[in-house]
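What follows is the residue order along each chain.
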Amino acid sequence: MDKVSKQELIRGYPQYMRKSIERVEATRAKRLESGPPSPMTAEERENILNKYHPDYKPEKKRKLALGISAGEIVPNEMADMLEAHPLFDPADVDLSHIDYDVSLLVIGGGGAGTAAAIFAHQEGIAADDILVVTKLRHGDSNSIMAQGGIQAADRPEDSPAIHYLDVIGGGHYANKPELVRALVLDAPKIIRWHEDIGVMYDKQDRKYLEAHGGGTSRMRMHSAKDYTGKAIFSAVRDEFRNLGIPVLEFFPVIELLLDEKGNAAGAIIYNIETDEYKIIRAKATVLATGGFGRVHIQDFPTTNHYGATADGLVIAYRAGANIIDMDSVQYHPTGVAYPTAILGQLATEKLRSQGAVPVTKDGEAFVFPLEPRDVEAAAIIRECWEMNNGVETPSGVRGVWLDTPMIEEIQGKGTIKQRLSAMWTMWHRHGIDITEDPVLVYPTLHYQNGGVEIDEHGATSVPGLFAAGECDGGVHGKNRLMGNSQLDIYVFGRRVGMSAARWAKKSRPKKLSLQHVVDYEKLLKKAGIETDRVSPILLPDYRDEAVISSSLGRFI
Amino acid sequence: MSEQENATIRIHIMGKTYRVPAGLTIMDAMEYSGYRFIRGAGCRSGFCGACSTIYRREEDYRLQFALACQEMAEDGMYLVQLPFTPAPRSQYDLEKIDPTENVLLQYYPEIARCVSCNTCTKACPQDIEVMDYVQAALRGDIARTAALSFDCIQCGLCTMRCPADIKHYHMAQMARRIYGRYLSPVPEHLEEQLREIEEGVCDSELDKLVAMNEEELVLAYAARIREEE
């Protein structure tokens, strides 16, 4: 909590921060004239990442002790969830009573899952032969929270090949080439699909208003103000609703079901309010369950939605799906550092792509504002903790200034309210006017770069199981660029919808089995892991320690 | 520690009083008190509309509306969380509708019942001029309905409060889709790129990149020239 009470704030900031803001104001004209610092060389990037990026701390990760990807290095928090018991004893579940029998099960109600259902329907699966299940409401997802934009190479100055190079270089050349090829080549088609279903993209003079993002070499960021994710998803969901595809809300999946041959065969869902389970049998299953932000890797605050607990990854791993690039975590360079009440929430990269530059407590620019995210984040961490050039908040967090008034100087008065109204509103609620004053930022946990490995059709290593969106792995390598997650969810959501539909059409109903869960328990024992941890964790617990320690656990 | 560091406030959650640290959002204050959300929490960043909250301050008869993840808890707040309440929406086929002036009224005829009481606008946690867009829709002004409602997060507070049972947020979603589909032309440069992809113009260059080893890719990446803004 902030030590300073509300009355002592001057336009949202305590007096001592105001003094620093004055120094930022004093250097602004000069900075506007000289332009931002130059981008780093490849060598400079590597140096700063090695020294300052949280991903480059080996003690925060470990080798997985069991399962198909045993030996892969993952964050300790992720290993804890994978080296854990299931939520229930497989012997207690009656698999002979099937509650839902469908051709296609889609797990996850964000952008990837919703798109998968729509395209499976287009591929010929009847609406009532598809079932979408989601842990929270349909749409409570990171998809809806994306602000800055979606990449697609569609200008004459640009090409899918240039987009490809930006993606694979930004990802440290670890990306699977065929996935990047699919991503960049499908991108214009996805924008066209969005047009067809009525997404209101920003346009000017009959062209898209396109901007740079971190690590792009062409301006290809399409946006819908700074509500890009919401504008796209709400149109996609509305289209989905017009098709009449059924959705079960507040029904997380707690385990996948396989058939006797090891093919995906459905899932067990759990009514999070009444505590009962239901059995779904499906000919094909799509995993679109998002990432692990709410697990708070290395104790970072996160931009992610409440349900981002990597449930899908945990159950897919138990079912035998291999994972890749899970050693790499994306920290968004600019999370909110102040006010503390909204710590870690996203300050969109679009602020920088429209001209805002990170500066020190003395108003000095120290980094090119649009480096790839890992590099930009490392530079801000260095400035705060090595160079001692950050501003410390009353709660002990350090941050640097993001000089938002520059946007109005560069793009013209009124730009912020026009193009960045979500950002303006967020700080305005705390008495800060970002057209007049800079904002304090520090890296925040944002994205799971890796995930369940897929091929270009979205197929995982488990036959009949497909994956798309943040839970998939291989698209972004070791670092995702801005605007490529919105693209990922719709490119691969569309692809898995079509692939899963084709798979479903040629497969027969199956005999359900939880043998893989029984076997996984044996692996735990064999690996010598003695723990009372259970997973998937479904939701984080933010109750105060004092409450948790005196809880009897009867109803929660 | 100074007195300020220990500052706490009293809040009343559905009739029970709790003492919580000052400086928390309503959502954080409720969690601090021991509530664990299933409903009523979504993105936790003001974009999803899951955490609609009604509150009243002591000594004030008026009801206030907020998103629990965005609004600060204040001393003496009486808080009630509203689970998201679905409102009926009209099924339509965007391809087949007639995108002219009467279309919104045709699918959402209840907008004609608007009595201009402005309760919807007062309930909106996004500060959207809700009543104004309903009036624009009544006049058949799809572009204005779409523009005014752009920041809508579909929390549904407007619809819950409306004495005329208007389904504001569903109607506005339809307006935005009609605007996007019919009133905002697809840029020619996108169509051109799609034609090139269709004809396979991009394939050879991409195939070359896909075949490159890391060493070659590093060189190609370093040789990129960043387009000036």
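Residues numbered from 1 in each chain as written. Chains lettered and ligands numbered in written order. Predicted model: local features only at pLDDT ≥ 70, side-chain atom pairs only at ≥ 80, totals over all residues.

1. Description of the overall build of chain B
When helices and strands are counted, chain B shows 10 helices and five strands. Over its C-alpha atoms, taken along the principal directions, chain B stretches across nearly 70 × 60 × 30 Å. Residue burial in chain B is summarised as follows: out of 229 residues, 41% are buried. In chain B, 60% of the contacts between residues at least 6 apart in sequence involve partners at least 24 apart. (Helix = DSSP H or I, 4+ residues; strand = E, 2+ residues; numbered from the N terminus. Buried ≥ 20, exposed ≤ 12 C-beta atoms within 10 Å, placed from the backbone. Contact = placed C-beta atoms within 7 Å.)

2. Structural notes on the domain arrangement of chain B
Parsing chain B into structural domains produces domain 1 (4-81), domain 2 (103-183) and domain 3 (188-222). When each unit is reduced to the centre of its C-alpha atoms, the spacing between domain 2 of chain B and domain 3 of chain B is 44 Å. (Domains from an automatic or database assignment.)

3. Regarding the nonpolar core
Inside soluble globular proteins, nonpolar side chains tend to come together where they are buried. Residues and elements named next belong to chain A. Counting residues in hydrophobic clusters, the biggest one holds 230 residues, and the most contacted among them are Leu-104, Ala-116, Val-286 and Ala-500. Counting residues per element, this core draws most heavily on helix H14 (residues 484-505), at 10 residues. Contact partners of Ala-116, with chain neighbours within four places excluded, come to Val-106, Val-286, Ala-288, Ala-468, Gly-493, Val-496, Gly-497 and Ala-500. (Core = buried A, V, L, I, M, F, W, Y, C linked by C-beta atoms within 7 Å.)

4. Let's talk about the domain arrangement of chain A
Residue and element names in this part refer to chain A. Entries for chain A in the domain assignment read domain 1 (6-55 + 331-445) and domain 2 (90-328 + 449-505). Of the residues lining the interface, 27 residues belong to domain 1; the matching set on domain 2 comes to 26 residues. Elements with a minimum of two residues in the side of domain 1 that touches domain 2: strand E14 (329-336), helix H9 (350-353), helix H10 (373-386), helix H13 (421-428) and strand E18 (439-448). The class makeup of the residues in the side of domain 1 that touches domain 2 is 10 nonpolar, nine polar and eight charged. (Nonpolar A, V, L, I, M, F, W, Y, C, P; charged D, E, K, R; others polar.)

5. Some words on the interface of chain A and chain B
On the side of chain B, 66 residues touch chain A, which itself brings 72 residues to the contact. With 10 residues, the top contributor of residues to the side of chain A that touches chain B is helix H6 (residues 177-196) of chain A.

6. Remarks on the environment of His-163 of chain A
Residues and elements named next belong to chain A. Here His-163 lies in helix H5 (residues 160-170). For His-163, a count of 29 C-beta atoms within 10 Å gives the class buried. Discounting chain neighbours no more than four positions away, the residues touching His-163 are Gln-151, Ala-153, Asp-158, Val-184, Ala-187 and Arg-220.

7. Considerations on unusual backbone geometry
Residue and element names in this part refer to chain A. For the peptide bond that leads from Tyr-338 to Pro-339, omega is 0°, which places it in the cis range. Mapping Pro-339 onto the fold places it in the loop between E14 and H9. The backbone of Asp-205 shows a phi angle near 50°, a positive value even though the residue is not glycine. For Asp-205, the location among the structural elements is in the loop between strand E6 (203-204) and strand E7 (207-208).

8. Considerations on the sheet that holds strand E5 (residues 77-81) of chain B
Residue and element names in this part refer to chain B. The strand order across the open sheet built from five strands is E2-E1-E5-E3-E4, with neighbouring strands paired in mixed fashion. Every other strand in the sheet has two partners, leaving strand E2 (16-21) and strand E4 (64-67) as the edge strands with one partner each. Direction aside, the axes of adjacent strands within the sheet are offset by 35° on average. Both strand E3 (residues 52-57) and E4 contribute to a ladder of four bridges, which runs antiparallel. (Pairing = 2+ DSSP bridges. Axes fitted to C-alpha atoms, helices over the stretch in contact; angles between N-to-C directions.)

9. A look at helix H8 (residues 188-198) of chain B
Residues and elements named next belong to chain B. Buried residues of H8: Leu-190, Gln-193 and Ile-197, and no others. Viewed along the axis of H8, the buried residues span an arc of 65°, placing them on a single side of the element. What points out from H8, more than 90 degrees from its buried face, is the exposed set Glu-188, Arg-195 and Glu-198. Looking one or two residues beyond H8, the residue adopting positive phi is Gly-200, at roughly 80°. (Arc of directions from axis to C-beta.)

10. Some details on the sheet that holds strand E21 (residues 472-473) of chain A
Residues and elements named next belong to chain A. Spatially, E13-E19-E21 is the arrangement adopted by the three strands of the open sheet, whose pairing is mixed. Each edge of the sheet is formed by a strand with only one pairing partner; in this case those strands are strand E13 (323-324) and E21. Across two bridges, E13 lies against strand E19 (residues 451-453) in antiparallel orientation. Of the residues in E19, the one forming a bridge with Ile-324 is Gly-451.

11. Focus on the pairing of strand E12 (residues 277-287) of chain A
All names here are of chain A. Burial analysis of E12 places eight of its 11 residues in the buried class, the great majority of the element. Relative to E12, strand E3 (residues 100-107) runs parallel, the two being bridged by seven bridges. Paired with Asp-101 across the two strands is Arg-281, which belongs to E12. One ladder, built from five bridges, connects strand E11 (residues 264-270) with E12; its direction is antiparallel. Its bridge partner lying in E12, Ile-269 is registered against Lys-278. Here E11 folds back onto E12, and the loop between the two strands holds six residues, one of which, Asp-275, carries a positive phi near 75°. As judged from the three bridges shared by E12 and strand E20 (residues 465-467), these two strands associate in the parallel manner. For Val-286, the partnering residue across the bridge sits in E20 and is Phe-466.

12. Observations concerning the pairing of strand E10 (residues 253-258) of chain A
Looking along a regular strand, one sees the side chains alternate between the two faces of the sheet. All names here are of chain A. By the criterion of burial, E10 is predominantly enclosed, with six of the six residues buried. Inspection of the sheet shows E10 paired to E11 by five bridges, in the antiparallel sense. Bridge pairing in E11 places Leu-256 opposite Ala-267.

13. Focus: the confidence of the model for chain A
Here chain A shows a mean pLDDT of 96. Residues at 70 or above account for 99%. Taken together, the stretch residues 1-6 of chain A has pLDDT below 50 and engages in 20 contacts with residues farther than four places along the chain or on a different chain. (pLDDT = per-residue confidence, 0-100.)

14. Concerning the packing of H6 of chain A against H14 of chain A
All names here are of chain A. Interhelical geometry of H6 versus H14 gives an angle of 85° and a closest axis separation of 9 Å. The angle between H6 and H14 places the two elements in the roughly perpendicular class. In this structure, H6 uses Ala-182, Leu-183, Asp-186, Ala-187 and Ile-190 to contact H14, whose residues at the interface are Asn-484, Leu-487, Asp-488, Tyr-490, Val-491 and Arg-495. Across the contact of H6 with H14, the residue classes tally to seven nonpolar, one polar and three charged. (Parallel < 35°, antiparallel > 145°, perpendicular 65-115°, else oblique.)

15. Notes on the environment of Lys-176 of chain A
All names here are of chain A. Considering the arrangement of structural elements, one finds Lys-176 in the loop between H5 and H6. Using a count of 22 C-beta atoms within 10 Å as the deciding quantity, one classes Lys-176 as buried. Once the C-alpha coordinates of Lys-176 and Val-475 are considered, the two residues, 299 residues apart in sequence, prove to be 6.1 Å apart.

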